[in-house]
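# Coordinate analysis (summary)
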Amino acid sequence: MGRAEERRARQRGGRRAAPRDRSSQAAPHEPRADSAPAAEGGTHSAAGGRAAARRSTRKGGRGAAGGKGRIRRLFTWKKVLGTFLGFTVLVIGAFIVLYMTTPIPDTANADAQLQSNVYKYSDGNLLTRDGKLNRENVDLADVPKPVQHTFVAAENKTFYDDAGVDLKGTTRGVLNTVMGKGAQGGSTITQQYVKNYYLTQEQTVTRKLKELVISLKLDREKSKDYILAGYINSSYYGRGAYGIQAAAQAYYRVDADKLTVAQGAYLAALLQAPSQYDWAAASPTGKKLVQQRWNYVLDNMVEKDWLDKSERDGMKFPVPQEPKAVPGQEGQVGYLVKAANSELEKQLVAQGVADSSQEAEAMVSAGGWNITLNIEKKKQKALETSVKDQLTSKLDKTKRPVDGDVQAGAVSVNPKTGAVVAMYGGVNYVEHYTNNATRTDYQPASTFKPVILAAALDQGAVTQDDEKISADTIYDGTSKRPVVGSDIGFAPQNEDDVDYGDVTVQTAMNQSINSVFAQLGVDVGMDKVLKTADDLGMDTADLKAVPAQTLGTMGASPLQMAGVYATLDNHGRKVTPTLIKSAENSAHAVKPADPIGEQVITRKAADSVTSVLTGVVDDGTARKSVLDNPKRNGQKVAGKTGTSDDNKSAWFTAYTPDLVTSVGLFGESAKAPHPQVTLTGATGLIPGKGRINGGGYPAQIWASYTFGVASKVSRFDLETDQGAAVRPSVTASPSSSPSKEPSEEPSTTTPSAKPSKSQTPSQTPTTQEPSEEPTTQEPSEEPSTGEPSTEPPENPLDPQFGQ
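Treat the numbers as computed from the prediction; the structure is a model and nothing was measured. (Residues numbered from 1 in each chain as written. Predicted model: local features only at pLDDT ≥ 70, side-chain atom pairs only at ≥ 80, totals over all residues. Heavy atoms only, no water.)

## What to know about the packing of aromatic side chains
Counted by the stated rule, this structure contains 18 aromatic pairs. Judged by centre distance (4.9 Å) and plane angle (40°), the ring pair of W279 and F317 falls under tilted. With a gap of 38 residues between them, W279 in the loop between helix 11 (274-277) and helix 12 (284-303) and F317 in the loop between helix 13 (309-313) and helix 14 (333-350) connect regions that are remote in the sequence. Residue class for W279 comes out buried when judged on its relative accessible area of 17%. For F317, a relative accessible area of 17% corresponds to the buried category. Considering the side-chain rings of W651 and F666, the 5.5 Å spacing of their centres and the 70° angle between planes classify their relative orientation as edge-to-face. Of this pair, W651 sits in strand 16 (residues 649-655) while F666 is found in strand 17 (residues 660-667), placing the two residues 15 residues apart along the sequence. Like F666, W651 is buried. Positioned over the ring face of W294 is R312, at 5.9 Å from the centre of the ring. (Phe/Tyr/Trp six-rings, centres within 6.5 Å; stacked < 30°, edge-to-face > 60°. Helix = DSSP H or I, 4+ residues; strand = E, 2+ residues; numbered from the N terminus. Buried < 20%, exposed > 50% of the residue type's maximum accessible area, 1.4 Å probe, protein only. Lys NZ or Arg CZ within 6 Å of the ring centre and 35° of its normal.)

Structural data, given as structure tokens:
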């Protein structure tokens, strides 16, 4: 068909004829469109077929596409917009109703009136109850204007200009509450005052909406000064202090009208995290954070023209005075109460009851809690008695000033339940505010060595010669031997600079040989060692993976170390020491998370470490205090001693199958700001220079307590074929000359002593500390050589044997 014919066909039929090339695709039996009539007929036929197909498609397509069509008809833009507008009107209407029906309360809520917290032993017997509320309201006019500004600068810079609410922050808080995520910051000073004084700390949508409404009304009906006065008088500052007057006395021993701007900025900074930012009890991280917060407050004041920059630049951080203990918290009671409160606050945040540590602390301090601890009265008393009998009764700071620098801390844990059954925080809470059982600012020293071995066995690590590491693996125990395979040079000295030659890992643990464990840590990989330490319960978040960490140079608490060893005792299943058994008030019932967690290292690795640690008490540095103790009665024990640099701390952490206890002694100057000092010379009963080692007083406290409360003799259920508990250790033969002093570990050979500047090899223990730093004192963990003695020591207080 020509183009002219096509045009005519379209004119006659009203439709376009089929393209010429379609005819070539027709079936063989169909006639070709070779003429105009045929083309005309074919055009009508094709057009009709297409029209029919479209009609058929519309009819049949309704089955497949009908659903989509209905959805489109349901969700037209008009309907969506109408629904949105309707919902908005409904919300606004509901808010108006809420606004009209929610008055500003006439009085403070019950939580603002302090009630007593009741603390009980695990058996339900009363431990103590809180005292009365420490609060004294003051007029805002009695607080210097610049000090008032510190609180505004810290919490709500727009306070004087806003309407009392932060809609964005409140909306975020409501949505997070609905979704179970807990709240986030953003509350104004007005909202915080309303929550603290008129409402409760509940994390509910209803409470948050009431907070919003009352804040709006309060801002309209009351002055900003009225609201600010209420805020600073009702806030909790820590140390049991509610309100700025109580806080000024608690931290600086002055009335509120005498506070300086620098002091006010510290009190304002405290409100974010009172316990964490209390200078007397803060960790190094906490002290750093509160100083940053203090600077933040002052910088905001300069920004708002409330403080001259030159005056701000000349300000120094105002270190608070030592706290005064609350009456009724004498002895160990205050330590237990403070530790229980801290644990409860963490649980409130973890379970979404409180949205911040500040809010959780305020909830606990408000009172009304009935708290049952895991503390067993009998064990608690026994631990206190043991510390007194074995240590504090021998201290006399009037004769020896160093005796006033000795601090003891201990924690005892049931490894099967994670329950903290006893805790010793210090000589007296009213005399020493810091809890020595939970402080993390002293080195655990050689008590870290079992963690290195655990990492090696769990990871299947190998030596530099590609030999799989076990208790029988032989290492070079030469003092000051440089580690191999590390990018960072490290060559630690053994105690007294003694060269032990080739020794097994078992012997290295018994004698606490630094050079061996430095190489062992490098062989495993220090990153893996720290990962294992974290899994076992230590805080390694900010630690660098360097060989020096093998000497236990990080900070740790007796509570943490008890958890680490409890996990080993529990065959590698994580044990988190837990002080609280239950806690409840009228609104909440808090049950601690399960203290027994997942398998963090293999059972074989954990049991092998336990097996090796039995050698420390039977043939090593804790032998005289534990093996020879007449109260042992065959009880199986695994543990490790530790003494840090300069004898600033001494440890013994050990366990039976049923009880784990970590004991630490810490040298802390009795004079502010209480720097770390040496323990050497304390008690005056240790021969020589008088260095205190882990195998001495700490091990004696441990043994007296543990063997005294043991109800039965139990044995370890170990799945391992290595270590001192299942077979004798193998010791290679270093070259040495015999010594007249008996060794704490049976050995077929004797190590040689390397001459030092101070002395030549001796037949008696030399004058070096057994751990990281040489001193001029009787050795402890590094016993000299010769045949082991079975005779008890002449002086049971002579810890020549324990690092």
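Here the narrative resumes, following the displayed structure.
## A short note on the packing of helix 4 (residues 145-155) against helix 12
Helix-helix packing: each pair is described by the crossing angle between the helix axes and the interaxial distance. Helix 12 packs onto helix 4 with a crossing angle of 110° between their chain directions and a minimal axis gap of 8 Å. Relative to helix 12, helix 4 is oriented roughly perpendicular. Contacts between helix 4 and helix 12 pair P146, H149, T150, A153, A154 and E155 from the former with R293, Y296, V297, N300 and M301 from the latter. Residues of the contact of helix 4 with helix 12, tallied by class, amount to six nonpolar, three polar and two charged. (Axes fitted to C-alpha atoms, helices over the stretch in contact; angles between N-to-C directions. Parallel < 35°, antiparallel > 145°, perpendicular 65-115°, else oblique. Contact = heavy atoms within 4.5 Å. Nonpolar A, V, L, I, M, F, W, Y, C, P; charged D, E, K, R; others polar.)

## Observations concerning a nonpolar patch on the surface
Together, W77, L81 and L85 make up an exposed nonpolar region whose accessible area comes to about 350 Å². Relative to the elements of secondary structure, L85 occurs in helix 3 (residues 77-101). (Patch = residues over 30% accessible without salt bridge, like charges linked within 9 Å, V, L, I, M, F, W, Y side chains within 5 Å. Areas by Shrake-Rupley, 256 points an atom, 1.4 Å probe, with all protein chains shown as cover. Salt bridge = Lys/Arg side-chain N within 4 Å of Asp/Glu carboxyl O.)

## Considerations on the sheet that holds strand 17
In space, the five strands of this open sheet follow the order 7-6-17-16-15, with antiparallel pairing throughout. The sheet terminates laterally at strand 7 (420-424) and strand 15 (638-643), the two strands that pair on one side only. In this sheet, adjacent strand axes meet at a mean angle of 5° when their direction is disregarded. Bridge analysis of strand 6 (residues 406-413) against strand 7 gives four bridges, and the strand direction is antiparallel. Within the sheet, the bridge partner assigned to V413 lies in strand 7 and is V420. Seen against the sheet, helix 24 (residues 697-709) touches strand 6, strand 7, strand 16 and strand 17 and runs at an angle of roughly 145° to strand 17. (Pairing = 2+ DSSP bridges.)

## Section: the sheet that holds strand 2 (residues 126-129)
An order of 2-1-5-12-13 is seen for the five strands of this open sheet, with the pairing classed as mixed. This sheet does not close on itself; its edge strands, each paired only once, are strand 2 and strand 13 (589-590). Where strand 5 (residues 370-373) meets strand 12 (residues 580-584), four bridges bridge the pair, whose relative direction is antiparallel. Looking across to strand 12, one finds that I371 is bridged to A583.

## Thoughts on the pattern of salt bridges
Scanning all chains against the criterion turns up 21 salt bridges. Note that R312 is salt-bridged to D299, the shortest N-O span being 2.8 Å. Within this pair, whereas R312 is found in helix 13, its partner D299 is found in helix 12, the two being separated by 13 residues in sequence. Residue classification places R312 among the buried positions, given a relative accessible area of 10%. Here R439 makes a salt bridge to D441, at a shortest N to O gap of 2.9 Å.

## With respect to the side chain of S625
Position of S625 among the secondary structure elements: in helix 23 (residues 623-626). Among the polar contacts made by the side chain of S625, one reaches the main-chain carbonyl oxygen of G695 at a distance of 2.7 Å. (Polar contact = N/O pair within 3.5 Å; in protein donor to acceptor, adjacent residues only side chain to side chain.)

## Looking at the environment of A250
Here A250 lies in helix 9 (residues 244-252). Taking the C-alpha atoms as reference, A250 lies 8.7 Å from P320; in sequence the two are 70 residues apart. In contact with A250, not counting residues within four places along its chain, are R239 and A241.

## A word on the confidence of the model for the protein
The predicted model of the protein averages 81 in pLDDT, with 73% of residues at 70 or higher. Segment residues 177-185 is flagged for pLDDT under 50; beyond a separation of four residues in sequence, or across chains, it makes 16 contacts in the model. Ignoring residues within four places in sequence, the model shows residues 729-802, a span with pLDDT below 50, making 237 contacts including any to other chains. (pLDDT = per-residue confidence, 0-100.)

## Some thoughts on helix 14
An α-helical turn contains 3.6 residues, so any two residues separated by three or four positions project in the same direction. For helix 14, with 18 residues, the first-to-last C-alpha span of 26 Å sits near the 26 Å given by 1.5 Å per residue. For helix 14, a buried count of 13 out of 18 residues is recorded, marking the element as mostly surrounded by other parts of the structure. G352 sits one or two residues past helix 14 and shows a positive phi near 80°. (Expected span 1.5 Å × (residues − 1).)

## Structural notes on unusual backbone geometry
For the bond from A672 to P673, the omega torsion is 5°, close enough to zero to count as cis. Checked against the element boundaries, P673 lands in the loop between strand 17 and helix 24. You will see that D496, though not glycine, has its phi angle at about 60°, which is positive. Here D496 lies in the loop between strand 8 (474-476) and strand 9 (498-499). The backbone phi angle of N647 is positive, close to 60°, even though this residue is not glycine. Position of N647 relative to the elements: it lies in the loop between strand 15 and strand 16.

## Examining helix 24
Its 13 residues give helix 24 an end-to-end C-alpha distance of 18 Å, which sits within 8% of 18 Å, the value for a rise of 1.5 Å per residue. Among the 13 residues in helix 24, 12 count as buried, and that is most of the element. Restricting attention to buried positions, one finds in helix 24 the residues Y697, P698, A699, Q700, I701, W702, A703, S704, Y705, T706, F707 and V709. Tucked inside the fold, the buried residues of helix 24 contact helix 16 (377-390), strand 6, strand 7, helix 23, strand 16 and strand 17.

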